[in-house]
Amino acid sequence: MNKIEQAKQTKKAKKRNRFIFRSSILVVLFGALLFAVVSNLTAEEEATVDINDKAPDFQLKRVANNEDAKQSTLQLSDLEGKGVMLNFWATYCEPCEREMPYMEKLYPKYKEQGVEIVAVSVDATELVINKFVDQYDLSFPILHDKDSQVLDAYGIRPLPTTYFIDENGVVVERVLGELSLERLEGYLQQIVPKGT
C-alpha cells in the first residue's frame, strides 16, 4: 500500500509540475504575442503617411508589358508638377480588381489634364501582375513593390489604399478600401494641377 500511495503522489507531483511548466510556456508565448501586436500597431501609426504630408519618394520597377514603358523604372519625384493617384493593390484583392476598370476608364481623360495614375502591386511575382494587366488591358503605369519597401514606408495595411497627391507632392487625400467610379473621379478632380 505504501508504495502504491507513493507512486500516486509521485504521479500527482509530475502532473502538477507539467501543468505549471505548460502554463508558464503559454504565459511567455502570450506575452511575446502581445508585445509583437503592440509594437506592430505602434510602428503602423508612426509609419502611416497622412493628409498634408509630403509623399515619400521612391523608385520601383515598371511592369514590362504595361503602357509603352520607355523607362524600366518610375520615380515618384519625377512626377512633380502633376497630380498623382498612387494606388496600392494586389491581384488577389477583390476590391482592387473591381476598381481597376474605373481607373482605366478615367486615365486618358485625367492624363490630358496633368494627372498620373500609378498602381503599385505588392504581388510576389511579376507573372501574375502581367496576366492581370493583360486581362484588364491596363495602360497606366504599374509598378512592382516586390519586397514591400514602399508599402512599409507608407504604412499600408488594408488593400487597396489610395493616395491622391497634388502637383507639389503633398498628400491631399488618403482612401482606405475600394473606390467607386464617382468617388474616384471626385478625388481626381481635386489633384488636377492648377495651371491646367
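Everything below is about the structure printed above this text.
Remember, predicted model here, so these are calculated numbers, not experimental data.

The next subject is a positive patch on the surface. Side chains of K11, K14, K15, R18 and R22 sit close together on the surface and give a patch of like positive charge. Tracing the backbone through its elements, the reader meets K14 in helix α1 (residues 2–47). With relative accessibility at 53%, the residue K14 sits in the exposed group.

Note the cis peptide between L159 and P160, where omega equals -5 degrees. With respect to the helices, strands and loops of the structure, P160 is situated in the loop between α4 (149–154) and β6 (161–165). Even without glycine at this site, N52 takes up a positive phi of about 75 degrees. Structurally, the position occupied by N52 is in the loop between α1 and β1 (59–62). Unlike most non-glycine residues, D137 shows phi in positive territory, near 50 degrees. Locating D137 in the fold gives a position in the loop between α3 (126–136) and β5 (142–144).

The subject of this paragraph is the packing of aromatic side chains. What the rule picks out here adds up to eight aromatic pairs. A centroid spacing of 4.7 Å and a plane angle of 40 degrees characterise the contact between F132 and Y136, whose relative ring orientation is tilted. Of the two residues, F132 and Y136 both sit in helix α3, four residues apart, roughly one turn of that helix. Since its relative accessible area comes to 4%, F132 is described here as buried. Within the aromatic cluster, the residues linked to one another by ring pairs are F58, F88, Y154 and Y163.

Another aspect to go through is the packing of helix α2 (residues 94–112) against helix α5 (residues 181–190). Running from N to C, α2 and α5 cross one another at 30 degrees; their axes reach a closest spacing of 10 Å. Considering their axes alone, α2 and α5 lie roughly parallel with respect to each other. Where α2 crosses over α5, the handedness of that crossing is right-handed. Together, Y102, M103, K105, L106, K109 and Y110 of α2 and L181, L184, E185, L188 and Q189 of α5 make up the contact between the two elements. When its residues are assigned to classes, the contact of α2 with α5 shows seven nonpolar, one polar and three charged.

In total, this model carries seven salt bridges according to the counting rule given. With a closest N to O distance of 3.7 Å, E80 and K54 form a salt bridge. Taken together, the residues span a long stretch of sequence, with E80 in the loop between β2 (73–75) and β3 (83–89) and K54 in the loop between α1 and β1 at a distance of 26 residues. Of the charged contacts in the structure, one is a salt bridge between K111 and E116, with a shortest N-O distance of 3.6 Å. Residue E116 is classed as buried on the basis of its relative accessible area, which comes to 4%. Bridged by salt links that share partners, the residues K82, K111 and E116 form one connected network.

One finds L86, Y154 and L188 to be the most contacted residues of the largest nonpolar core, which totals 49 residues. In terms of residue count, α2 provides more of this core than any other element does, six residues in total. If we ignore the near neighbours within four places in the chain, the residues touching L86 are F58, V118, V120, Y154, T161, T162, Y163 and I165.

In this section: the state of the cysteines. Tallying each qualifying case throughout the model produces one disulfide. Residue pairing for C93: its cysteine sulfur links by disulfide to C96, the two sulfurs lying 2.3 Å apart. Handedness here is read from the sign of the S-S torsion; for C93 and C96, about 80 degrees, the answer is right-handed. Judged by relative accessible area, which is 8%, C93 ranks as buried.

Calculation rules
Residues numbered from 1 in each chain as written. Predicted model: local features only at pLDDT ≥ 70, side-chain atom pairs only at ≥ 80, totals over all residues. Heavy atoms only, no water. Patch = residues over 30% accessible without salt bridge, like charges linked within 9 Å, V, L, I, M, F, W, Y side chains within 5 Å. Areas by Shrake-Rupley, 256 points an atom, 1.4 Å probe, with all protein chains shown as cover. Salt bridge = Lys/Arg side-chain N within 4 Å of Asp/Glu carboxyl O. Lys, Arg positive; Asp, Glu negative; His and termini not counted. Charge placed at Lys NZ, Arg CZ, Asp CG, Glu CD. Helix = DSSP H or I, 4+ residues; strand = E, 2+ residues; numbered from the N terminus. Buried < 20%, exposed > 50% of the residue type's maximum accessible area, 1.4 Å probe, protein only. Phe/Tyr/Trp six-rings, centres within 6.5 Å; stacked < 30°, edge-to-face > 60°. Axes fitted to C-alpha atoms, helices over the stretch in contact; angles between N-to-C directions. Parallel < 35°, antiparallel > 145°, perpendicular 65-115°, else oblique. Left-handed = near helix turned anticlockwise from the far one by under 90°. Contact = heavy atoms within 4.5 Å. Nonpolar A, V, L, I, M, F, W, Y, C, P; charged D, E, K, R; others polar. Core = buried A, V, L, I, M, F, W, Y, C linked by side-chain atoms within 4.5 Å. Disulfide = S-S within 2.5 Å.

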